[in-house]
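# Geometric and topological summary
The primary structure of each chain is shown beneath.
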Amino acid sequence: MASWQDYLKLLVSLTHTLEELTKVEGEKNDAASRGDLAGVEACMKREQVLSLSLRGYDQKRDAMLAALDLRGTTLNQLESRCPEELQLEVKGVAEELRRQYALFQAASQVARDTLEVNLRAIERMQAVQAGDAAQAAEDRKIHQTDFRA
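These remarks concern the structure in this document. Since this is a predicted model, take the numbers as computed values, not measurements.

Basis of the calculations
Residues numbered from 1 in each chain as written. Predicted model: local features only at pLDDT ≥ 70, side-chain atom pairs only at ≥ 80, totals over all residues. Heavy atoms only, no water. Helix = DSSP H or I, 4+ residues; strand = E, 2+ residues; numbered from the N terminus. Contact = heavy atoms within 4.5 Å. Polar contact = N/O pair within 3.5 Å; in protein donor to acceptor, adjacent residues only side chain to side chain. Salt bridge = Lys/Arg side-chain N within 4 Å of Asp/Glu carboxyl O. Buried < 20%, exposed > 50% of the residue type's maximum accessible area, 1.4 Å probe, protein only. Core = buried A, V, L, I, M, F, W, Y, C linked by side-chain atoms within 4.5 Å. Expected span 1.5 Å × (residues − 1). Axes fitted to C-alpha atoms, helices over the stretch in contact; angles between N-to-C directions. Parallel < 35°, antiparallel > 145°, perpendicular 65-115°, else oblique. Left-handed = near helix turned anticlockwise from the far one by under 90°. Nonpolar A, V, L, I, M, F, W, Y, C, P; charged D, E, K, R; others polar.

### Details of the environment of Leu18
Following the sequence through the fold, Leu18 ends up in helix α1 (residues 4-34). What Leu18 contacts, discounting residues up to four positions off in sequence, is Leu97, Gln100, Tyr101 and Phe104.

Okay, here's the thing in structure tokens:
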């Protein structure tokens, strides 16, 4: 049977995972800004691993909420539903989790925006290169001399 302390430990672990994801997002943003494709790919692999651990936390959280008879309880409602002696601890853990989630969302948006900007720049460069190749082929046709004997 899950206890409130177990549930709080799970929320703290979740907070640490979000903190790690936030760092990865920052590294991915830096790599994208440098045009370091290998760095972006490495960050994306780390993101996938961390995302899998988030799914695991979600499953554990659902089970613990059910065991504590808290199904459907949001993080904001948690403090009012916990034992009185844990209210301060629950409040602190919940606030830190919300804060870390907000930081992750902001870092994720910045990285996404940077990737989109760089992707557009690459697409423009490819279009120019394709246009240059087409123009060069057209120039060769125009300047070709037909020698027939």
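So that's the structure; there's more coming.
### Description of the side chain of Thr73
The topology assignment puts Thr73 in the loop between α2 (37-67) and α3 (75-81). A polar side-chain atom of Thr73 sits 2.8 Å from a polar atom in the side chain of Arg81. Leaving out residues up to four positions away in the same chain, Thr73 has contacts with Leu65, Leu78 and Arg81.

### Describing the pattern of salt bridges
When the charged atoms of two side chains with opposite charge come close together, those side chains can pair. Taken as a whole, this structure holds eight salt bridges when the rule is applied. Close ionic contact of Asp36 with Arg34 constitutes a salt bridge, the shortest N to O distance being 3.1 Å. When its relative accessible area of 26% is taken as the criterion, Asp36 is described as partly exposed. Taking the shortest distance from any N to any O, the salt bridge between Asp62 and Arg61 comes out at 3.3 Å. The exposure class assigned to Asp62 is partly exposed, which follows from its relative accessible area of 41%. Shared partners join several salt bridges into a network, and the residues in it are Glu20, Glu27 and Arg46.

### As for the nonpolar core
Trp4, Tyr7, Leu11, Leu70, Leu78 and Val90 are the most contacted members of the largest nonpolar core, which totals 23 residues. Residue contacts for Leu70: discarding those within four places in its chain leaves Trp4, Leu65, Leu78 and Arg81.

### A look at α2
Helix length check: α2 (31 residues) gives 45 Å between terminal C-alpha atoms against 45 Å at 1.5 Å per residue, within 8%. For α2, every residue scored as buried is listed here: Gly39, Val40, Cys43, Glu47, Leu50, Tyr57, Met64 and Leu65.

### Observations regarding the packing of α1 against α2
Two elements in contact, α1 and α2, have axes separated by 9 Å at closest approach and are oriented at 165 degrees. It follows from the interaxial angle that α1 and α2 lie roughly antiparallel. Every pair of crossing elements has a handedness; the one defined by α1 and α2 is left-handed. Split by residue class, the contact of α1 with α2 holds 15 nonpolar, four polar and nine charged.

That is the geometry; function is a separate question.
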